[in-house]
Amino acid sequence: MRLITHNMLQCHVKNCNDNNFPLRLEEVEVELVEADFQPEFLQNIIGKLEWPAFVNTAVQLGNTNLPATIPDNAKDNEEFLKVLHTALLETHVQQGKMVCPNCSHVYPIKDGIPNMLLAEHEI
Amino acid sequence: MIPTPDLSHLNSKDFRNIYEPAEDTFLLLDALEQDQDELRALHPSICLELGSGSGCVTTFLGSLLKPSLAYMVTTDINPHAAVATVATGKKNGISIDTVETSLVQGLLPRMRHSIDVLCFNPPYAVTPSSEIAGNGIEVSWAGGIDGREVIDATLPFVKELLSEKGIFYLLLVSDNKPDEVVSLLQVEGFNAHICLQRLAGREKQLIVKVTRRT
Ligand SMILES: C[S@@+](CC[C@H](N)C(=O)[O-])C[C@H]1O[C@@H](n2cnc3c(N)ncnc32)[C@H](O)[C@@H]1O
Ligand SMILES: [Zn+2]
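On a predicted model such as this, the values are computed, not experimentally measured, just so you know.

J.: Any details on the coordination of the zinc ion (ligand 2)? Residues and values, ideally.
T.: For the zinc ion (ligand 2), the full set of protein donor atoms is Cys11(A) (SG), Cys16(A) (SG), Cys100(A) (SG) and Cys103(A) (SG), and the range of their distances to it is 2.2 to 2.4 Å. Metal-centred angles of 104 to 116 degrees between the 4 donor atoms at the zinc ion (ligand 2) mark the site as tetrahedral.

J.: So what's going on with the pairing of strand β5 (residues 162–173) of chain B? Residues and values would help.
T.: Residues and elements named next belong to chain B. A large share of β5 lies buried, amounting to 10 of its 12 residues. Two strands pair when backbone bridges link them, and strand β4 (residues 115–120) and β5 are joined in this way by 5 bridges, in the parallel orientation. Across the sheet, cysteine 119 pairs through a bridge with tyrosine 169, a residue of β5. In this fold, the crossover linking β4 to β5 by way of helix α5 (residues 149–161) has right-handed handedness. Two elements, β5 and strand β7 (residues 203–212), share 7 bridges in a ladder whose sense is antiparallel. In the sheet register, tyrosine 169 faces β7, and the bridge partner there is lysine 209.

J.: Pulling in residues and values, what's your account of helix α4 (residues 78–90) of chain A?
T.: Residues of α4(A) that are buried: Phe80(A), Leu81(A), Leu84(A), His85(A), Ala87(A), Leu88(A), Leu89(A) and Glu90(A). Against α1 (3–6), β1 (24–32), α2 (39–45), α3 (51–60) and β2 (91–99) of chain A lie the buried residues of α4(A).

J.: An account of the site of ligand 1 is requested, with residue identities and associated values reported.
T.: Residue and element names in this part refer to chain B. As a matter of local geometry, ligand 1 sits amid 18 residues, with Thr25, Gly51, Asp76, Leu103 and Asn121 nearest to it. At 2.9 Å from a nitrogen atom of ligand 1 is found a side-chain nitrogen or oxygen belonging to glutamate 49. For ligand 1, a nitrogen atom lies 3.1 Å from a polar atom in the side chain of serine 102. If ligand 1 stood free it would expose 590 Å²; the protein chains cover 97% of that surface. When atoms are counted within 2 Å of each cavity's grid points, the one that captures over half of ligand 1 is the largest pocket. Of the residues assigned to the shell around ligand 1, the class counts are 7 nonpolar, 9 polar and 2 charged.

J.: Requested: an account of the sheet that holds strand β3 (residues 96–100) of chain B, with residues and values cited.
T.: Residues and elements named next belong to chain B. Across the sheet, 7 strands lie side by side as β3-β2-β1-β4-β5-β7-β6; this open sheet has mixed pairing. Only two strands of the sheet have a single neighbouring strand rather than two, namely β3 and β6 (190–200). Adjacent strand axes in the sheet meet at a mean angle of 15 degrees, parallel and antiparallel pairs treated alike. Here β6 pairs with β7 via 10 bridges, running antiparallel. Following the sheet pairing, histidine 193 is matched in β7 by lysine 209. Lying on the sheet, helix α1 (residues 23–34) is in contact with β4, β5, β6 and β7; it crosses β6 at an angle near 130 degrees.

Reading guide: rules and limits
- Residues numbered from 1 in each chain as written.
- Chains lettered and ligands numbered in written order.
- Predicted model: local features only at pLDDT ≥ 70, side-chain atom pairs only at ≥ 80, totals over all residues.
- Heavy atoms only, no water.
- Donors = N, O, S within 2.8 Å, 3.2 Å for Na, K, Ca; no water.
- Tetrahedral: all angles 85-135°; square planar, octahedral: opposite > 155°, others 65-115°.
- Buried < 20%, exposed > 50% of the residue type's maximum accessible area, 1.4 Å probe, protein only.
- Helix = DSSP H or I, 4+ residues; strand = E, 2+ residues; numbered from the N terminus.
- Pairing = 2+ DSSP bridges.
- Right-handed = clockwise from strand over helix to strand, strands pointing away.
- Contact = heavy atoms within 4.5 Å.
- Near = heavy atom within 4 Å.
- Polar contact = N/O pair within 3.5 Å; in protein donor to acceptor, adjacent residues only side chain to side chain.
- Areas by Shrake-Rupley, 256 points an atom, 1.4 Å probe, with all protein chains shown as cover.
- 1 Å grid on protein atoms, 1.4 Å probe; cavity = no way out; pocket = protein on both sides within 12 Å on 5 of 7 lines; lining within 4 Å.
- Sits in = over half its atoms within 2 Å of the grid points.
- Nonpolar A, V, L, I, M, F, W, Y, C, P; charged D, E, K, R; others polar.
- Axes fitted to C-alpha atoms, helices over the stretch in contact; angles between N-to-C directions.

Listed below in structure tokens is the structure:
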């Protein structure tokens, strides 16, 4: 799972409606996997990210290269796009867990696959 | 020619646990291929497939869009399928992230109105309703009454997921009463029509193409 996917996942336990994003990463194993740098794609995806959540998550994983806010010239700032590329598309969480900051539900990540399934009574 | 995904890393033992691509899968690939110019011109940034099984469809879509890059993401309730999807992407040079979940649980509200291409080859066979529960190979086909139960559970999400320019490709068979599904979608305000159909043995399979009305 790349960090872009982590940025899309939210706790969906019944009645857990506030403060349930982003899921906190714990006990993670991270792998860096090189990927093609595609500025056009990054330019289009920026608007779909929850930026502060993304930055915080990267920091949790030891990547402090992302700016706290998206630069005004983001679209033609190649240096920024490269940093974004690495954090968003090359950082893979292979093992670990995601914990809801509100209800503490644990969603496991195994072999790079996040498991968002809940038991019947949790839905 | 868009290459049919290489699945040589999966063997008959794997296909005891995950759905092996069949006529329905290939009909969906053909619908995508038929629309390749439109799909490329769309410049999709997020493509989501539900129930990706072996990963054949999303891998094919990723190859079709090349050299353009999109965020390819899929879900499957079957853990073996989730692993296979990622592996198939890797084998064919397409990065896919897969989430083990039912339909889109956990992906909303974040993915609201952001899916540019949505695909689903659902479990569509007529079976007792009880067979839908579970996460093994049987949920690859078990569709309950009229084979419609998982399909009907999915329809309300289409409005949530599709972006302004988004396209949804849904495979159905004649038992699913496709005309009824098309009108349900039209009542919801979508453009929906059957864009491709074919006989597979005695079963008619077809693809419904859905867009927002502009
Ligand atoms: C007919 S198979 C299609 C597999 C693959 N997309 C293809 O075309 O070859 C249906 C797939 O949907 C998955 N599935 C069934 N119910 C599901 C659910 N509620 N949520 C997510 N996936 C589901 C099955 O595990 C299976 O992989
Ligand atoms: Zn929660």
